[in-house]
Structures are given as structure tokens and as C-alpha cells.
Amino acid sequence: MSVRLNIQNAGLREHELEYVRPLAETAGMLLTERTGQGSEMLGWLDLPHTYDKEEFARIQAAAKRIQAQSQVLVAIGIGGSYLGTRAGLEFTKGPFGNQLHKGEGVEVYFAGSNLSSSYVQDILDIIGDRDFSVNVISKSGTTTEPAAAFRIFKKKLEERYGKAGARERIYATTDKAKGALRGLAETEGYETFVVPDNIGRRFSCLSAVGLLPMAAGGMDIEQVLKGCLDACERYQNPDFLKNDAMLYAVLRFLMLMKGKSVEILASYDPSLTMFGEWYKQLMAESEGKDGKGLFPVSANFTTDLHSIGQFIQDGSRTMFETVLWVETARREAVVPDDPANVDGLNFASGMTLQEMNEKAMKGTLLAHVDGGAPNLVITVSELSDYTFGELVYFFWKSLAVSGYMIGVNPFDQPGVEAYKKNMFALLGKPGYEDMREALEARL
């Protein structure tokens, strides 16, 4: 198995696992039998078996066309419409993938996830005179951040290539039948791909939402789905002692019951930084409701040991750690010997940085456990297309079970709408006029 869970330092007693077995089995049944809340959004559960193979072929063809016509792809989306994709590209190619992997795919940059003028202008400057394409990802086409970004990049395409030329470089991933973006795409003649009705955005990165920009960026999406398929098969067992995805869900629930309200996903490779961002959305938007849920935090060690590490070691005892460890480095570097030994580092001469990193991980884990922060370890064999698909499904399945265990609907997000209403009112969007004056008086 490429993904393994180690609970040696979780600090739990054997009877605790058996105590929650009935609840865990019930949660698992709600999921597999599709009888729990939000069951209409479980398309991801058997996605590796049911994905649209005709659309998959079109995705691969479109990716090759993007690679032939452009040096850059701008993927426009927010939340689940971009986080998983960016996580996948950095997982497999590293944070400098756009610079180091030329020839394997186009450079991929992400817009529409914020309202920063500087961010958009910086992307335009990076593109410069080079050819580029756009993949706009929005089910409705009216979400503020991606809609604003799309207007800007669409105008740039039309100025550079004309309307006909721009049409050949815009790819829309949207609702299959309705919505503003669907209507625009049909009017303008953009090639379209489908945002599935039965998969929420934070579960959508292995649908057309993520697969097109991943493929254009040079990922082998057949291997991604193969990893997802194997994980889907592996995590079928209803006995959580024989199913690491369910066991992780059970442990998260037990940590919450024992007063640990914060989970820190700690990785030791910068290639996993965006995976941590994806994890935060998956967990927070799924479980953070009805006054319940673990608060998810991500950290990248050893860097954050000089900040967050202090709090984990000596701060309030409200947290536990889930360490995401990669066994094999994508690339290797060796510490050379220095005859003068000015820095006192000759004890590490000849060691790889990966070996040093592993000792740092193990030493940190034991220190944090001794300081009162339980640790779980999820080990990934390597950073590859296959293991990305595998790990994504592991977290999907775990989250769904733990959400049902704490008694929430893991597949809705009612709280996200509150900020949108306030923002629309302050922006002067039609239909929100009555709210504006009251909000401005509070500011």
C-alpha cells in the first residue's frame, strides 16, 4: 500500500476504539448505503467506477490541444474549484513545477480565488507575450471572484487573438444544463466540461473540475484515477481495524471527545503545502457546523517548528497532530564535508537531506507527544500522480465517516453564504439594497 496509517503515538487505550465501534459502523453504513444526510452528493464515493469515459477522453484531447497552442494555462476558480488541482500539481511537480518542468506540460497559474488586483496583474505580467489559454471553472458562472477574474482574462484573450481566436482558447467547466456560464459558453462556442451535480466542489478535484488543468500541466490523469480506484477498493471493509481510512475517522472522533478541538496536519515537504490548504477546506467546510467539528490547521515543518512548533510543544493542550510523511524524496541532495567544520555540521556529512528530515520528523513527533500532543502518522511512499489520487480518496472517505460520527451533514456548507450576502450588499448588487445601510452603520 502506498498510504499507511500509524497510530502508535495516538495515546489511546484499546477499549476506547471498541467503545465507539457501534457509532463508527453506523456512520459507515450511512455512507455506503447512501442513507445519511447529503446522500445526493455522494457521486465521489464510486467516482473511479462511474466517471464519464467519453468526457475523460475529451479532457485528454483538450489538454493536448492546450499544450500545443499555449505556454500558459490560467485556471479560474475558487475553493474546491481550484484547491485540489493546485495541490495535485505541486504534490507531483513541487512548488517550482512551472519553472522546472517545461516540456512536460504548460505552466498553470490560478486566478479567481481572491479579489487582489496585484495578484491578477502579476499573472498577466508572467504571461507577457506568450500564448495562453483559460479554463474557467464555475457551476453557476456568477460567483464573484472567478467571474471578475474571467472578465479580465477573457478581455485580454480577445484583445490578443480576436473573438474567434479567444473562443479556441477558452474552456468552460460548468453545469451541464443551466447557469450563466453554460449560457455564455453555448453562445460563444467554448468547449465545455461538466461540474457534476452529485459531487460537491471540495470533492470535485478528480472530476473534470481538476482533471483538465492537471492534464494540461503534465500530470498523468490515468494514474491519478488508478490511485483513486485502488483506494476505493481498499477502503471498503466496514471493520475500521482493517480499514485505515475509517480508522483515521474514528481516531479524529475520539480526539474530539477527549478535548482535542484542533487538528494540525503537519507535512515535512514544501510540495505538500497546497495539499494542506486543500485539507483545510475539506475538513472545515464539511465538519464546521452546528457548533461542532475539529478546527483544521496545516503546517509545514521544519519551517513552522520555529513558530507553530512552540505552541504545539508548550501551548494549550487542545490539539493533536496528523503527520503527513513522504518516504522517498522526489529529488535528493547530500550534505558535503567541510574540513574546517565552521558550522559544526560535519556530523551530518554524507547524509541526504531526506535522512536529516526523517530524524527531524521523528524527534519532533516524540517531543510533541511528550508535551501532551498526540500524534498520528500517515505515510505516503512517494509524491506521484498515483499516490495523489490514492491520498485524496483516503481523506474523502475518512472525512465523510467522521462527519457522520459527530452528527453533521458533511456535504453542505450553509455558513459560507453569510459572508456572500454581506459582500453583495456592500458592493451594491441588485436585490441586496435593504441590507446595505444597516451593514455600513456597523462598520
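Residues numbered from 1 in each chain as written. Predicted model: local features only at pLDDT ≥ 70, side-chain atom pairs only at ≥ 80, totals over all residues. Heavy atoms only, no water.

**Let's talk about the sheet that holds strand 7 (residues 262-267)**
Now for step 1: Strand order across the open sheet formed by five strands is 1-10-9-7-8, with mixed pairing between neighbours. Each edge of the sheet is formed by a strand with only one pairing partner; in this case those strands are strand 1 (3-6) and strand 8 (295-300). Taken pair by pair, the neighbouring strands of this sheet meet at an average axis angle of 20°, ignoring direction.
Now for step 2: In terms of strand pairing, strand 7 meets strand 8 through six bridges, oriented parallel. (Pairing = 2+ DSSP bridges. Helix = DSSP H or I, 4+ residues; strand = E, 2+ residues; numbered from the N terminus. Axes fitted to C-alpha atoms, helices over the stretch in contact; angles between N-to-C directions.)

**Description of the sheet that holds strand 6 (residues 191-194)**
Now for step 1: A sheet is described by the order of its strands in space; here five strands give the open sequence 3-2-4-5-6, paired in parallel fashion. Here the strands that pair on one side only, and so sit at the sheet edges, are strand 3 (107-111) and strand 6. Strand-to-strand, the axes of this sheet are offset by a mean angle of 20°, without reference to chain direction.
Now for step 2: Bridge count for strand 4 (residues 132-137) against strand 5 (residues 170-174) is four bridges, and the pairing is parallel. Following the sheet pairing, I137 is matched in strand 5 by T173.

**Focus: the pattern of salt bridges**
Now for step 1: Within the structure shown, the criterion is met by 29 salt bridges.
Now for step 2: Here K163 makes a salt bridge to E188, at a shortest N to O gap of 3.5 Å. Linking K163 in helix 8 (residues 144-167) with E188 in helix 9 (residues 180-188), this pair joins segments that are 25 residues apart in sequence.
Now for step 3: Exposure remark for K163: the relative accessible area of 44% places this residue in the partly exposed category.
Now for step 4: The salt bridge involving K178 is made with D175; its shortest N-O contact spans 3.5 Å.
Now for step 5: Exposure remark for K178: the relative accessible area of 57% places this residue in the exposed category.
Now for step 6: Ionic contacts of the salt-bridge type, sharing partners, join the residues K139, D175, K176, K178 and D197 into one network. (Salt bridge = Lys/Arg side-chain N within 4 Å of Asp/Glu carboxyl O. Buried < 20%, exposed > 50% of the residue type's maximum accessible area, 1.4 Å probe, protein only.)

**A word on the packing of aromatic side chains**
Pairs of aromatic rings are described using the distance from one ring centre to the other and the angle between the two planes.
Now for step 1: Counted according to the given criterion, the structure contains 25 aromatic pairs.
Now for step 2: When the ring of F91 is compared with that of F275, the centres are 6.0 Å apart and the planes differ by 45°; the resulting orientation is tilted. Note that F91 is positioned in helix 5 (residues 83-93) and F275 in helix 13 (residues 273-287), a separation of 184 residues in sequence.
Now for step 3: The interplanar angle of 20° and the centroid separation of 5.6 Å between the aromatic rings of Y248 and F394 together place this pair among those described as stacked. Highlighted residues: Y248 in helix 12 (residues 244-257) and F394 in helix 16 (residues 385-406), separated in sequence by 146 residues. Here the two residues Y248 and F394 agree in accessibility, since each one is buried.
Now for step 4: Members of the aromatic cluster, connected to one another through ring pairs, are F91, Y235, Y248, F275, W278, Y279, F388, F394 and F395. (Phe/Tyr/Trp six-rings, centres within 6.5 Å; stacked < 30°, edge-to-face > 60°.)

**Quick word on the nonpolar core**
Now for step 1: Core analysis: the largest hydrophobic core is formed by 90 residues, its most contacted members being W44, L206, F275, W278, F388, F395 and W396.
Now for step 2: Examining the composition of this core, we find that 13 residues originate from one element, helix 16, more than from any other.
Now for step 3: The next biggest cluster of nonpolar side chains, apart from the first, holds 22 residues, and it includes V134, V136, F150 and L181. (Core = buried A, V, L, I, M, F, W, Y, C linked by side-chain atoms within 4.5 Å.)

**Points about the packing of helix 5 against helix 13**
Now for step 1: Interaxial distance between helix 5 and helix 13 falls to 8 Å at its minimum, and their mutual angle equals 150°. In terms of their interaxial angle, helix 5 and helix 13 are classed as roughly antiparallel. When the axes of helix 5 and helix 13 are compared, the crossing they make is left-handed. Facing helix 5, whose interface residues are L83, G84, R86, A87, E90 and F91, helix 13 presents M274, F275, E277, W278 and Q281.
Now for step 2: Tallied by class, residues from the contact of helix 5 with helix 13 come to six nonpolar, two polar and three charged. (Parallel < 35°, antiparallel > 145°, perpendicular 65-115°, else oblique. Left-handed = near helix turned anticlockwise from the far one by under 90°. Contact = heavy atoms within 4.5 Å. Nonpolar A, V, L, I, M, F, W, Y, C, P; charged D, E, K, R; others polar.)

**Observations regarding the side chain of R202**
Now for step 1: Structurally, R202 is set in the loop between strand 6 and helix 10 (208-216).
Now for step 2: At a separation of 2.7 Å, a polar atom in the side chain of R202 contacts the side chain of S286.
Now for step 3: At 2.6 Å, the side chain of R202 forms a polar contact with the side chain of Q413.
Now for step 4: If sequence neighbours within four positions are ignored, R202 has contacts with G80, W278, Q281, L282, E285, S286, K289, W396, P410, F411, D412 and Q413. (Polar contact = N/O pair within 3.5 Å; in protein donor to acceptor, adjacent residues only side chain to side chain.)

The quantities given are spatial measurements derived from coordinates; they are silent on function.
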